[in-house]
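Analysis of the macromolecular model
Next come the chains, spelled out residue by residue.
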Amino acid sequence: MTTPALLPLSGRRIPTLSPGASSFPHHRATLRLSEKFILLLILSAFITLCFGAFFFLPDNSKHKRFDLGLEDVLIPHIDSPKEGKHASGQVVIHGQGGHDEHRHREEEESLRDKIRADHERALQEAKEKLRKSREELQAEIQTEKNKVMEDLKKKDAGPKPLPPVPMPKVVGVSDGEPPEPDAKEKRDKIREMMKHAWDSYRQYGWGHNELKPLAKKGHSTNIFGNSQLGATIVDALDTLYIMGLHEEFKDGQEWIEQNLDFGVNAEVSVFEVNIRFIGGLLAAYYLSGQEVFKLKAVQLAEKLLPAFNTPTGIPWAMVNLKSGVGRNWGWASAGSSILAEFGTLHMEFVHLTYLTGNPAYYQKVMHIRKLLAKMDRPNGLYPNYLNPRTGRWGQHHTSVGGLGDSFYEYLLKAWLMSDKTDTEARKTYDDAIEAIERHLIRKSNGGLTFIGEWKNGHLERKMGHLACFAGGMFALGADGSPDDKAGHYLQLGAEIAHTCHESYDRTVLKLGPEAFKFDSGLEAVAVRQNEKYYILRPEVIETYWYMWRFTHDPKYRQWGWEAAQAIDKYCRVSGGFSGVKDVYSSNPTYDDVQQSFFLAETLKYLYLLFSSDDLMPFESWVFNTEAHPLPVLHLGNITLPGSEPAQR
């Protein structure tokens with residue numbers, strides 16, 4: 001999901017040819033241009049050789065003066081008996097002026113002969129070219145062109161075939177029709193909303209990263225660089241598949257096969273591209289079995305690896321896909337990397353090592369974990385900023401919302417995805433949650449449990465929409481908690497879900513603001529104008545779904561349906577779905593962006609909320625922070641390349 005300084009702010013969170021345009025000019029024009037070019041090339045070579053002969057052929061009189069200079073100036077300095085080192089047995093040049101002059105003349109003659117030979121060869125080639133007919137020249141040009149094209153094809157051939165690995169058992173990837181007619185009707189409505197969002201993008205923004213549904217054209221942000229990478233297509237694929245929209249899925253697959261190119265000169269967010277593209281492509285591969293998705297995921301992953309070339313191994317926030325040059329966001333604390341970005345790679349990178357046999361991916365993320373384990377943590381909390389050059393924390397700001405959130409989520413999910421064998425990840429998660437509960441979680445005067453933000457030694461009583469995912473995380477991590485605290489964490493998840501529902505319920509539109517406060521008599525309400533917007537975010541609905549799965553309390557479906565109705569009423573436009581700028585206004589202004597995560601997460605979680613539990617069961621699937629499901633790796637006695645069995 002991205003960082004709060006950017007839209008689409010998810011704390012967990014470009015130049016191409018136009019369709020149909022040819023990359024070559026008209027054939028005959030090319031040949032005429034090429035002939036002229038070759039003739040000019042021949043003439044320029046001839047002139048260059050003439051000038052070279054005039055200026056660079058040695059002149060005897062000058063050369064003799066140069067020799068004299070060497071003997072009179074250099075030789076005395078290096079061969080004087082006073083400076084020589086006879087005692088050490090080193091050779092000393094002494095009194096060999098005549099011999100050197102003879103040697104120089106031989107070298108001079110050899111140089112002249114070589115230049116003459118090169119000159120004559122070039123002249124001969126030029127004459128031969130001039131004697132050739134137009135047809136022969138055309139044939140030569142075509143041969144050269146074919147050679148260039150072959151070289152380009154070899155260069156773009158992509159990686160070697162990946163080694164065969166056992167496909168994890170894939171269960172519960174379709175149907176999931178609920179037994180309740182009411183739930184089925186609501187689920188059908190969610191599918192219709194997905195179809196409207198996809199069809200609008202297909203019509204007005206196809207191939208662009210996102211859609212401007214009011215302007216009815218493509219849209220992109222700096223997290224994707226300047227390239228049209230089809231982010232919405234990749235992000236939406238698994239939702240389409242799960243909903244049974246297979247024709248739409250096929251359209252997306254065809255676009256990816258024919259157009260998705262990561263060899264572009266674009267600077268992208270490592271975090272966003274990992275969770276949306278690598279996560280989305282891997283999920284599409286596991287759901288459909290189509291190899292193209294796996295191959296594209298690996299091609300992209302290889303482009304991200306240079307981001308880890310830092311003094312500490314903590315990756316840069318951004319990397320240029322073509323050059324491999326990385327850097328951090330200018331606004332981040334003293335050039336720091338961000339916890340929720342470098343800490344949200346583990347799930348995807350473990351699967352990359354599993355599928356490719358390349359240990360680099362696993363080793364990169366395990367290095368990050370080991371480095372963090374060695375560091376001091378103020379009050380047991382992880383600050384949001386870490387400098388990749390020095391390995392030191394930036395400003396001491398800790399959040400379970402933007403900048404921090406998915407780091408904690410991925411600790412828990414690394415354990416779940418490993419079939420609960422990665423006990424190191426589980427222990428790190430438990431310790432982090434204990435510190436969060438001690439220092440960040442409070443109850444308001446009105447009895448609402450909230451998660452504040454720790455800033456330089458004090459608690460800010462404000463909670464972001466992004467932090468609302470934590471209710472679902474606490475519920476998901478309840479089973480396996482230390483000291484028999486499963487019931488406690490399930491209850492904590494329920495309390496966070498209630499607070500976040502209140503943040504929706506206390507608005508005019510019944511949609512939640514970006515952030516809400518708990519002081520000055522105001523609770524679960526946004527105060528600042530720049531915190532009153534809703535950009536189709538999924539976190540509250542995500543928590544409703546997890547709480548429904550673990551409790552089957554009907555209120556979670558009711559709350560989810562309220563949110564779905566509000567989105568359909570206030571965010572739906574003829575060209576798709578748009579965010580709104582003020583959820584407290586009965587006449588809201590649209591932001592005119594249909595975020596890719598709306599299709600990847602918000603609509604997927606709503607659909608799953610009204611599906612039966614056998615669709616994407618938790619025993620078999622773990623969802624990444626962009627709601628892309630990755631299968632649990634029941635590795636048994638298999639050890640991932642690059643891992644140590646003792647760690648598992």
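Residues take numbers from 1 onward in each chain, read along the sequence in its written order. In keeping with the model being predicted, local features are shown solely for residues with a pLDDT of at least 70 and side-chain atom pairs are shown and tallied solely at 80 or more, while totals for entire chains, interfaces and linings include all residues. Only hydrogens and water are set aside; all other atoms, that is, all heavy atoms of the structure, feed into the side-chain values.

Condition: UniProt positions are given in the numbering used here, feature names are shortened, and annotations may be inferred rather than shown by experiment.
In the annotation of an unreviewed UniProt entry, the entry for the chain reads alpha-1,2-Mannosidase, and the organism field reads Perca flavescens. Listed in UniProt under the heading Cofactor (unreviewed entry), the comment for the chain reads: "Ca(2+)".

1. Some remarks on the UniProt feature "active site" (unreviewed entry) in the chain
To be explicit about the condition: Strands are runs of DSSP state E lasting at least 2 residues, helices are runs of H or I lasting at least 4, and numbering of each runs from the N terminus. To sort residues, take the accessible area from a 1.4 Å probe on protein chains only and compare it with the maximum for the residue type: under 20% means buried, over 50% means exposed, and anything in between is partly exposed.
Here, the residues flagged by UniProt with the feature "active site" (unreviewed entry) are Glu272, Asp405, Glu514 and Glu539. With respect to the element layout, Glu272 can be found in helix 8 (residues 270–288). Here Glu272 falls in the buried class, since its relative accessible area comes to 1%. Mapped onto the elements, Asp405 comes out in helix 13 (residues 405–417).

2. Quick look at the side chain of His397
Note the threshold: Distance and chemistry together define a polar contact, namely a pair of N or O atoms within 3.5 Å, with one atom able to donate a hydrogen and the other to accept it when in protein, and with adjacent residues in sequence counting only for side-chain atoms on both sides. By definition, residues are in contact when any of their heavy atoms lie within 4.5 Å.
Turning to its location among the elements, His397 is positioned in strand 8 (residues 397–398). For His397, a relative accessible area of 9% gives the class buried. In terms of polar contacts, His397 uses its side chain to reach the side chain of Glu453, at 3.3 Å. When near neighbours in sequence (up to four residues on either side) are disregarded, His397 contacts Tyr382, Pro383, Asn384, Tyr385, Leu403, Glu453, Trp454 and Lys455.

3. A short note on the packing of aromatic side chains
Inclusion rule: Working definition: rings of Phe, Tyr and Trp (its six-membered ring) pair if their centres are within 6.5 Å, and the pair is stacked with planes under 30 degrees apart, edge-to-face with planes over 60 apart, and tilted otherwise. Cation placement over rings: the criterion is NZ of Lys or CZ of Arg within 6 Å of the ring centroid and within 35° of the ring normal.
According to the stated counting rule, one finds 30 aromatic pairs in the structure shown. Here the aromatic rings of Phe450 and Phe518 are separated by 4.3 Å at their centres, their planes lie at 10°, and the arrangement is stacked. Placement of the pair is Phe450 in strand 10 (residues 449–451) and Phe518 in strand 14 (residues 515–519), with a sequence separation of 68 residues. Each member of the pair, Phe450 as well as Phe518, is classed as buried. One aromatic cluster in this structure is built from Trp545, Tyr546, Phe550, Tyr605, Phe618 and Phe623. Above the face of the Trp206 ring, Arg202 is positioned so that its terminal group lies 4.0 Å from the ring centre. Between the NZ or CZ atom of Arg549 and the centre of the ring of Phe618, over which it lies, the distance is 5.1 Å.

4. Focus on the pairing of strand 14
Here is the rule: Strand pairing requires that DSSP identify at least two bridges connecting the strands.
Burial analysis of strand 14 places four of its five residues in the buried class, the great majority of the element. Here strand 13 (residues 462–464) pairs with strand 14 via three bridges, running antiparallel. Across the sheet, residue Met463 finds its bridge partner in strand 14, namely Phe516. Direction of pairing for strand 14 relative to strand 15 (residues 522–525): antiparallel, over a ladder of three bridges. Residue pairing in the sheet places Lys517 in a bridge with Val525 of strand 15. Linking two consecutive strands that pair antiparallel, namely strand 14 and strand 15, is a turn of two residues; a positive phi of about 55° is found at Ser520 within it.

5. Re the sheet that holds strand 15
Quick reminder of the rule: Throughout, an axis means a line fitted to C-alpha atoms (over the contacting stretch in the case of helices), and angles, computed between N-to-C directions, take values from 0 to 180 degrees.
Read across the sheet, three strands follow the order 13-14-15 without closing on themselves; strand pairing throughout is antiparallel. Strands at the two margins of the open sheet, each flanked by one partner only, are strand 13 and strand 15. Mean inter-strand twist for the sheet, computed between neighbouring axes without regard to direction, equals 20°.

6. Observations regarding the pattern of salt bridges
As a reminder of what qualifies: The rule for a salt bridge is simple: a side-chain nitrogen of Lys or Arg has to be within 4 Å of a carboxyl oxygen of Asp or Glu.
In this structure the tally under the stated criterion is 33 salt bridges. Arg557 is paired through a salt bridge with Glu180; the nearest N and O atoms lie 3.5 Å apart. Placement of the pair is Arg557 in helix 18 (residues 554–570) and Glu180 in the loop between helix 4 (134–155) and helix 5 (181–204), with a sequence separation of 377 residues. With a relative accessible area of 33%, Glu180 lands in the partly exposed category. Between Lys443 and Glu495 there is a salt bridge, with the nearest N and O atoms lying 4.0 Å from each other. Residue Lys443 is located in strand 9 (residues 441–443), and its partner Glu495 is located in helix 16 (residues 486–505); the two are separated by 52 residues in the primary sequence.

7. What about the packing of helix 8 against helix 11 (residues 346–356)?
The axes of two packed helices give the description: the angle between them and the distance between them. Condition: Should an angle fall under 35 degrees it is called roughly parallel, over 145 degrees roughly antiparallel, and 65 to 115 degrees roughly perpendicular, with every other angle called oblique. Two helices cross in a left-handed way if the nearer one is turned anticlockwise from the farther one by less than a right angle. They cross in a right-handed way if the turn is clockwise. Three classes are used: nonpolar for Ala, Val, Leu, Ile, Met, Phe, Trp, Tyr, Cys and Pro, charged for Asp, Glu, Lys and Arg, and polar for all others, with Gly counted as polar.
Axis separation between helix 8 and helix 11 bottoms out at 10 Å; the angle between their running directions is 45°. The angle between the axes of helix 8 and helix 11 places the two elements in the oblique class. For the pair helix 8 and helix 11, the sense of crossing is left-handed. Across the interface between the two elements, Asn274, Ile275, Ile278, Gly279, Leu282, Tyr285 and Tyr286 from helix 8 touch Glu348, Phe349, His351, Leu352, Tyr354 and Leu355 from helix 11. Across the contact of helix 8 with helix 11, the residue classes break down as nine nonpolar, three polar and one charged.

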